[in-house]
Number of protein chains: 2
Amino acid sequence: MQNLIIHAQTKIVMLIMDGLGGLPRQPGGNTELETAHTPNLDALAECSSLGLTIPVAPGITPGSGPGHLAIFGYDPLQHEIGRGAMEALGVDFDLGPDDLSARGNFCTVDTDGRITDRRAGRIGTDINQELARLLETIRIEGAEIFIEPVKEHRFAFIMRSPGLQDVLSDTDPQKTGIAPLPVQALDPGSEKAARFVNQFITSTRKLLADKHPVNMILLRGFAKLPILPTYQEKYGLNAAAIALNGMYRGVARLVGMQVLNVEGNTLSDEFLTLEKNWGDFDFFYLHVKKTDTFGELGDFDGKVNAIEEVDTLLPRLLALKPDVVIVGGDHSSPSVLKSHSWHPVPMLLYSPYIRADGLVEFGERACTHGSLGTLPATHIMPIALANALRITKYGA
Amino acid sequence: MQNLIIHAQTKIVMLIMDGLGGLPRQPGGNTELETAHTPNLDALAECSSLGLTIPVAPGITPGSGPGHLAIFGYDPLQHEIGRGAMEALGVDFDLGPDDLSARGNFCTVDTDGRITDRRAGRIGTDINQELARLLETIRIEGAEIFIEPVKEHRFAFIMRSPGLQDVLSDTDPQKTGIAPLPVQALDPGSEKAARFVNQFITSTRKLLADKHPVNMILLRGFAKLPILPTYQEKYGLNAAAIALNGMYRGVARLVGMQVLNVEGNTLSDEFLTLEKNWGDFDFFYLHVKKTDTFGELGDFDGKVNAIEEVDTLLPRLLALKPDVVIVGGDHSSPSVLKSHSWHPVPMLLYSPYIRADGLVEFGERACTHGSLGTLPATHIMPIALANALRITKYGA
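(A) Molecular detail of unusual backbone geometry. Residue and element names in this part refer to chain A. Here the bond from H212 into P213 is cis, since omega is 5°, no more than 30 degrees from zero. Tracing the backbone through its elements, the reader meets P213 in the loop between α6 (191–208) and β7 (216–223). The phi dihedral of Q174 falls on the positive side, at around 65°, and the residue is not glycine. Although it is not a glycine, L389 adopts a positive phi angle of roughly 55°. Looking at where L389 falls in the secondary structure, it is placed in the segment after α13 (380–387).

Here is the structure:
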């Protein structure tokens, strides 16, 4: 498709409500989205094409990484973002091509070096921060180390050095009673990385000796960021991302979007960022986190309210007169399941050139009857680009 | 998907009405399924997701083997069950990994050895059985021979010996006036098999010399069973099959299901087998043959009645409180066509986590409006497993 991309003076907005898809409280009832009072989304739905997106494959529940890659137009089975990389992105660390990352735990081992607590009693985040600064004092010749505290005992480990590869075994045996494992290179290209990480762990042990209950670390999910064609290369789009959480900012950065600074931490602040930067980009990804948060908490009403908040702000987006608007999600998070799920995700696509379905509601059942049908999430971007008149004819 | 499978205490039932999909007697009328009075299926449909399955590919009419492989979750274009193997499965022969099978005909040749009747005047099945016992007296050094009578002039030929391969030409030239062909190995690995089978045919000719009208045999469709990952390996399921006909029992055995013994030969006996074994398995495949039989006979009303019989028994299945229920077919067999057909097959999927479509009828047109849409039959198992909470999240 890449060679069919043409330039146009059109703007696309992709509004992603994380974990949007839901389920009714009782079989046969309304989902969160169907329950929410959404006059603005409903009005937009009436002049849009509706459908349901499948992020990865039928029956497969996507993590946030695969869910976002898919809606951004990248096959999530082809491009994997490893656990360690997701952890680093989650704390907004700007991972580069020389960075090897892992998910880290502060833990407790006994005098024989055997793990007694994989989470060191879930130490406070303040102690975590202190220990992280301490570990960053370790010097490995030829490498830089970053320890980014997450919550309680968890941190993101990043080692920066040219030529580090990520085909490495975990040090975390995922159980107590045995010693942390040394990192092993699982292919020859990763031997330098294994040597460097093991060197770091040795220094760590000495440095943490008197920091009870913490006296050791565990690392798992070693990963570098995959290298993806950027939105500029793939779609010819000068794209911007508006998101409050690091993980989504990170995935957006990965596909070459410019991550905009949001002043404040409300959804309204995100919309203000959209308004302020409207003239400078031709694609905007705007991420809404709360829908997923409430879904995962099992809070049906909370998710309904989060959707209603989006509805209230939608007129500000439409006032900018975007040429194409996508409203959808990266996956479903039904509050009755308290987790991500496999259910196809409601989606609407508005443009002046759409064949409007005339369905007067934005909801799961309405989307079932939409003209886009149930389609792979990766199909959305090509359809949006076409509606933005940014794809030329294929063949003579 | 295999590495995302998790264990759960949930049960799935797959109720397959063979050749379920149909056509109206007159364009615009009701199909067999739409004509049938099915209050129980309709009530289940109302709280299910509906759709239409495509077993092989659009426009392709599947045989029973590919139709079943597809609904079981195996790509029928990747895994082929050869003609000879289907014949052996059809008589409930327990084909093993050392077994080479073929479809056989008793035939008549003239004094020059040229075929005059490929079916030897369609001899009675009793004569067939007698001759089959006779042919089993032939001894081939290093191999065992099984001749399983089918109907009239047809039999299944099975040769058991390690290292037999099935890339062999037919002996049946499919026309009269020329002699049966010797079997030829079409790859070097199949030379042993060719030698053994030709040896067998030579002995056959002598043994049948005075059995007029039969004095020769024809073999075609040499095949071994493909080796497939089992339901345990692929889905983590302890699966059982309930079917009266050998072919379906055989395909189920091929994918590692335990084939249950049905006492009696009615559909009610099949449901009784389900009830008796309910505690011992977490997946049940229950096969209904009559729908296809009447479809192939062109008996519209007979097929309607067969569907109504299933509907009457359905409450016994639901009383077991399965977590997930699939009701569908392996292919269509419209009675107006008197044969299998390419038409997508009606399907319903019930679980507590389904987004119910609220369609109040189980029929071809209702399924067209279902939220599962028209989908490859191979997608059904992943969706069923997801609904049984047996697939974990993909990616972080």
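(B) Layout of the interface of chain A and chain B. Taken together, the contact pairs 31 residues of chain A with 22 residues of chain B. Interface area for chain A against chain B, summed over the two sides, is near 1900 Å², with a carbon-plus-sulfur share of 65%. Considering only the side of chain A, the residues that lose the most area to chain B are P58, I60 and W342 of chain A, jointly responsible for 26% of the buried surface there. Summed over the shared surface of chain A and chain B, the number is 9 residue pairs in polar contact (both at pLDDT 80 or more). For the side of chain A that touches chain B, the secondary structure elements donating two or more residues are α3 (64–72), α4 (83–90) and α12 (364–368) of chain A. By residue class, the composition of the side of chain A that touches chain B is 14 nonpolar, 13 polar and 4 charged.

(C) Geometry of the environment of G21 of chain A. By secondary structure assignment, the location of G21 of chain A is in the loop between β1 (12–17) and α1 (32–35). In sequence terms G21 of chain A and D301 of chain A are 280 residues apart; their C-alpha atoms lie 14 Å from each other. Ignoring sequence-local partners within four residues, the contact set of G21 of chain A consists of K303, H331, S332, S333, P334, V345, P346 and E364 of chain A together with R355 of chain B.

(D) Seen up close, a nonpolar patch on the surface. Together, V336, L337 and W342 of chain B give the surface a local cluster of nonpolar side chains, amounting to about 260 Å² of exposed area. With respect to the secondary-structure elements, L337 of chain B resides in the loop between β11 (324–328) and β12 (345–350).

(E) A look at the relation of the copies chain A and chain B. The transformation that overlays chain A on chain B combines an axial shift of 0.1 Å with a rotation of 123°, and the residual RMSD is 0.2 Å. Taken together, the rotation and translation relating the two chain copies correspond to the operation of a three-fold axis. Little of the interface of chain A is mirrored in chain B, where only 3% of its interface residues are also at the interface.

(F) Local environment of the nonpolar core. Residues F72, I81, Y231, M257, F283, Y285 and L349 of chain B are the most contacted members of the largest nonpolar core, which totals 61 residues. Considering each element in turn, this core owes the most residues, 6 residues, to helix α13 (residues 380–387) of chain B. Ignoring anything within four residues of it in the chain, the contact list for I81 of chain B reads G65, L69, M86, L89, L225, P226, V251 and L254 of chain B. M14, A239, A241 and L349 of chain A belong to the second-largest nonpolar core, a separate cluster that totals 50 residues.

(G) Representation of the pattern of salt bridges within the structure. This structure, assessed with the given rule, holds 38 salt bridges over all chains. Notably, a salt bridge pairs D172 of chain B with R220 of chain B, separated by 3.6 Å at the nearest N-O pair. Note that D172 of chain B is positioned in the loop between β6 (154–160) and α6 (191–207) and R220 of chain B in strand β7 (residues 216–223), a separation of 48 residues in sequence. Judged on exposure class, the residue D172 of chain B and its partner R220 of chain B are both buried. A cluster of three or more residues bridged by salt bridges with shared partners is formed by D92, D94, R249 and R253 of chain A.

Cut-offs and rules
Residues take numbers from 1 onward in each chain, read along the sequence in its written order. Numbering of ligands from 1 and lettering of chains from A proceed in the order in which they are written. Thresholds applied to this predicted model are a pLDDT of at least 70 for local features of residues and 80 or more for the giving and counting of side-chain atom pairs; totals over whole chains, interfaces and linings are not thresholded and use all residues. Calculated side-chain values reflect all of the structure's heavy atoms, with hydrogen atoms and water omitted. Strands are runs of DSSP state E lasting at least two residues, helices are runs of H or I lasting at least four, and both sets are numbered from the N terminus onward. The contact rule is simple, with two residues in contact once any of their heavy atoms fall within 4.5 Å. Defined here as a combined quantity, buried area equals the accessible surface (1.4 Å probe) lost by two parts on assembly, summed across both. Pairing of N or O atoms within 3.5 Å defines a polar contact, subject to two protein rules: one partner must be a possible hydrogen donor and the other a possible acceptor, and residues neighboring in sequence count only if both atoms are side-chain atoms. Amino acids outside the nonpolar list (Ala, Val, Leu, Ile, Met, Phe, Trp, Tyr, Cys, Pro) and the charged list (Asp, Glu, Lys, Arg) are all regarded as polar, and Gly is one of them. Residues qualify for a patch when their relative accessible area is over 30% and they have no salt bridge, like charges being joined within 9 Å and the nonpolar side chains of Val, Leu, Ile, Met, Phe, Trp and Tyr within 5 Å. Here the Shrake-Rupley method, with its probe set to 1.4 Å, supplies the accessible areas, and only the displayed protein chains count as covering residues. Salt bridges are identified by distance alone: a Lys or Arg side-chain nitrogen within 4 Å of an Asp or Glu carboxyl oxygen. Least squares is used to superpose the copies, and the fit set is the C-alpha atoms of residues whose pLDDT is at least 70 in both copies. Only buried residues count toward a nonpolar core, which is a set of Ala, Val, Leu, Ile, Met, Phe, Trp, Tyr and Cys residues joined through side-chain atoms within 4.5 Å. Only protein chains enter the accessibility calculation, which uses a 1.4 Å probe. A residue is then buried if its area is under 20% of the maximum for its type, exposed if over 50%, and partly exposed in between.

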